[in-house]
Amino acid sequence: MNFDTVKKMQEENQSITQNYGFANNSFDFGIALLDSHIKDVLKTCEASYSQVALASLTTFGFVLAHAGMKKTSLYFLDLSNSGTGKSHNMTLQVNLLLNGIIKIQEKSQQAYDNESELKRFNNIHRGKITVPALNQCIKSVSSQFVIIDELGMLMARNDEIIDEITKLYGVETTSLSVTKSEAPSSQYILPVQFSFIGATTLTYLGGSKALHKHLGGGFINRAFLAYNTILKSPQEITSIYKDNLDYDKSNQVALKIYYFAKNFKSKLIFTKASEDELLSFKREIQTIRIKYNEIGSELGSFYTRIEQNTHIVINILHLLKCYEKGSLDDEIGVEITTLAINFIKNIVFVELDKLINYLNDGELLEREEKQKAKIVQFVETYRIKHNKMPKIRDVAMKTRLSKSQILELIKDYLEIVPCETTLRYCQNISKGF
């Protein structure tokens, strides 16, 4: 691999979004129920702010979609490393916001006694679900939410549910599968609002090659993405996580939001100022995509559906703000639009930059630089202590790297003396030897 070329590519890509170099620590929505919910989850699990905030928006969006609101269904993929709270985050979202809806749907299922037709009223699915089962659920309830942990294993074996999830993104109607014994009819074209959360490590997904494949295929770029690779240091662990959350109270709030939104019959509209703000952001996104295209990179595909997802976030934030104020308003002001765009720039773009860095072998380059620094430091210390240069075997024993790995890392700094195994500085390096 030509690491110089990769590094150059990485630097070019970083320059594209350098204006969005915000610290990915937290974000203040100014919506008390949303901000407090995110803080509660953060206090209870290892997940980062981006992981929790994106999962929270997706879950609140489903609650609104289940109430009949249009364009509030999001996709979220958590590609963070193991040990970063992916599964716990998803569990908390369900337990805090969806248990009330689950109970309502269970009661509807129990009350249904028509033996001539099978109806499935469950619309929150955790884990593996088949396409026929999902279609049966859509026939009964238009709003559906699928949550899959260890998603990479399904993607690796090309499970048909992945294609179905890809197909259902952003659509308002879907054409259900027809068996050979059935005649196609309009009853198989049904309304749907589909929300999705998936989690997997990049290792399970299949690494950068698989990520590129699904990015090109459209599955990856449909979703908001989180990529947390940082484990807390021992010094940061100051207490054991305690679950003091009030699940009943939180679910009551979620149900109040649900019933509040059910009374909202108007179509949301943007003010002229909001439209202008969103149009300006759309131009910014297009500038980023063009710059990636100019350097011959397909990574601009990460930004393909940013505008659509931003629009959905605006709808979610507007409706939550309406609930907080206690009054329904069909007009979305510029304040909410600006808030959503700032969230995308502060949180979403930072996560994309980390994934782009990964795909450009940025992590590998950083690791190589650290290894090279250790070799250089060892050689310097050895030369001073022994008044001679070490053999390559000495470096290999110190670093546990192979001879070929060492020579690749130090090719612009050190070389082997011809017909020997002793190292020496390259001719363009002046060290007095």
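Explain unusual backbone geometry to me, please; I cannot follow it from the model alone.
Positioned with a positive phi, Lys71 is a non-glycine residue whose angle comes to about 55°. Tracing the backbone shows Lys71 in the loop between α3 (49–66) and β1 (75–78). The phi torsion at Glu150 lies on the positive side, around 50°, for a residue other than glycine. By secondary structure assignment, the location of Glu150 is in the loop between β3 (143–148) and α7 (151–156). Overall, the relative accessible area of 32% leaves Glu150 in the partly exposed class.

What should I look at first to understand the packing of aromatic side chains in this one?
Each aromatic ring pair is specified by the distance between its two centres and by the angle formed by the two planes. Applying the stated criterion across every chain yields a total of 17 aromatic pairs. Arranged with centres 5.6 Å apart and planes meeting at 80°, the rings of Phe260 and Tyr323 form a pair that is edge-to-face. Here Tyr323 lies in helix α13 (residues 306–325) and Phe260 lies in helix α11 (residues 247–262), a separation of 63 residues in the sequence. Phe260 gets classed as buried once you look at its relative accessible area, which sits at 18%. Ring plane angle 85° and centroid distance 5.6 Å describe the contact between Tyr413 and Tyr425, whose orientation is recorded as edge-to-face. In this pair, Tyr413 sits in the loop between α17 (403–409) and β10 (414–416) while Tyr425 sits in strand β11 (residues 423–425), placing the two residues 12 residues apart along the sequence. One exposure class covers both Tyr413 and Tyr425, and it is buried. By the ring-pair criterion, three or more aromatic residues cluster together here, those being Tyr75, Tyr169, Phe194, Phe196 and Phe219.

Could you clarify how one ought to interpret the pairing of strand β6 (residues 193–199) in this entry?
Taken residue by residue, a regular strand's side chains alternate between the two faces of the sheet. β6 sits mainly inside the fold: seven of its seven residues count as buried. The pairing of β1 with β6 spans four bridges and is classified as parallel. Its bridge partner lying in β6, Asp78 is registered against Ala199.

Could you clarify how one ought to interpret the sheet that holds strand β7 (residues 224–226) in this entry?
Working definition: the strands of a sheet are paired by backbone hydrogen bonds and lie parallel or antiparallel to each other. In space, the five strands of this open sheet follow the order β2-β3-β6-β1-β7, with parallel pairing throughout. Sheet topology places β2 (124–126) and β7 at the edges, where each strand pairs with a single neighbour. The sheet shows a mean angle of 10° between the axes of neighbouring strands, taken without regard to direction. Relative to β6, β3 runs parallel, the two sharing six bridges. If you follow Ser143 over to β6, its bridge partner there is Gln193.

Explanation requested: the nonpolar core in the structure shown.
Inside soluble globular proteins, nonpolar side chains tend to come together where they are buried. Among the nonpolar cores identified, the biggest contains 111 residues, and Phe29, Phe196, Phe302, Tyr303, Leu317 and Phe343 are the most heavily contacted of them. If you tally residues by element for this core, the top one is helix α14 (residues 334–359), at 14 residues. Beyond its immediate sequence surroundings of up to four residues, Leu317 is in contact with Phe29, Ile31, Leu34, Leu57, Ile336, Leu339 and Ala340. Of all hydrophobic cores here, the second largest spans 15 residues; its members include Ile375, Ile406, Tyr413 and Tyr425.

Can you help me understand the pairing of β3 in this one?
With respect to burial, β3 is a largely interior element, six of its six residues being buried. Side chains Ser143, Phe145 and Ile147 of β3 all project onto a buried face; the interleaved residues Gln144, Val146 and Ile148 project onto the opposite face, where all are buried too. Note: β2 against β3, three bridges, orientation parallel. In the sheet register, His125 faces β3, and the bridge partner there is Val146.

Explain the packing of helix α4 (residues 86–97) against α11 to me, please; I cannot follow it from the model alone.
Packing of α4 against α11 brings their axes to within 6 Å, and their N-to-C directions diverge by 70°. Relative to α11, α4 is oriented roughly perpendicular. Every residue of α11 that contacts α4 at Leu92, Asn95, Leu96 and Leu97 is listed here: Tyr247, Ser250, Asn251 and Ala254. Of the residues in the contact of α4 with α11, the class split is five nonpolar, three polar and no charged.

I would appreciate a short explanation of the pattern of salt bridges in the present structure.
In total, this model carries 10 salt bridges according to the counting rule given. Its salt-bridge partner being Lys128, residue Asp159 comes within 3.3 Å of it at the nearest N-O pair. Here Asp159 is found in the loop between α7 and α8 (160–168), whereas its partner Lys128 is found in the loop between β2 and α6 (131–140), with 31 residues between them in sequence. Asp159 sits in the buried class, given a relative accessible area of 12%. Put simply, Asp276 and Lys272 hold a salt bridge, and the shortest N to O gap is 3.0 Å. Of this pair, Asp276 and Lys272 are both found in helix α12 (residues 272–294), four residues apart, which corresponds to roughly one turn of the helix. For Asp276, a relative accessible area of 37% puts it in the partly exposed group. For Lys272, a relative accessible area of 56% gives the class exposed.

Quick notes on the rules
Residues numbered from 1 in each chain as written. Predicted model: local features only at pLDDT ≥ 70, side-chain atom pairs only at ≥ 80, totals over all residues. Heavy atoms only, no water. Helix = DSSP H or I, 4+ residues; strand = E, 2+ residues; numbered from the N terminus. Buried < 20%, exposed > 50% of the residue type's maximum accessible area, 1.4 Å probe, protein only. Phe/Tyr/Trp six-rings, centres within 6.5 Å; stacked < 30°, edge-to-face > 60°. Pairing = 2+ DSSP bridges. Axes fitted to C-alpha atoms, helices over the stretch in contact; angles between N-to-C directions. Core = buried A, V, L, I, M, F, W, Y, C linked by side-chain atoms within 4.5 Å. Contact = heavy atoms within 4.5 Å. Parallel < 35°, antiparallel > 145°, perpendicular 65-115°, else oblique. Nonpolar A, V, L, I, M, F, W, Y, C, P; charged D, E, K, R; others polar. Salt bridge = Lys/Arg side-chain N within 4 Å of Asp/Glu carboxyl O.

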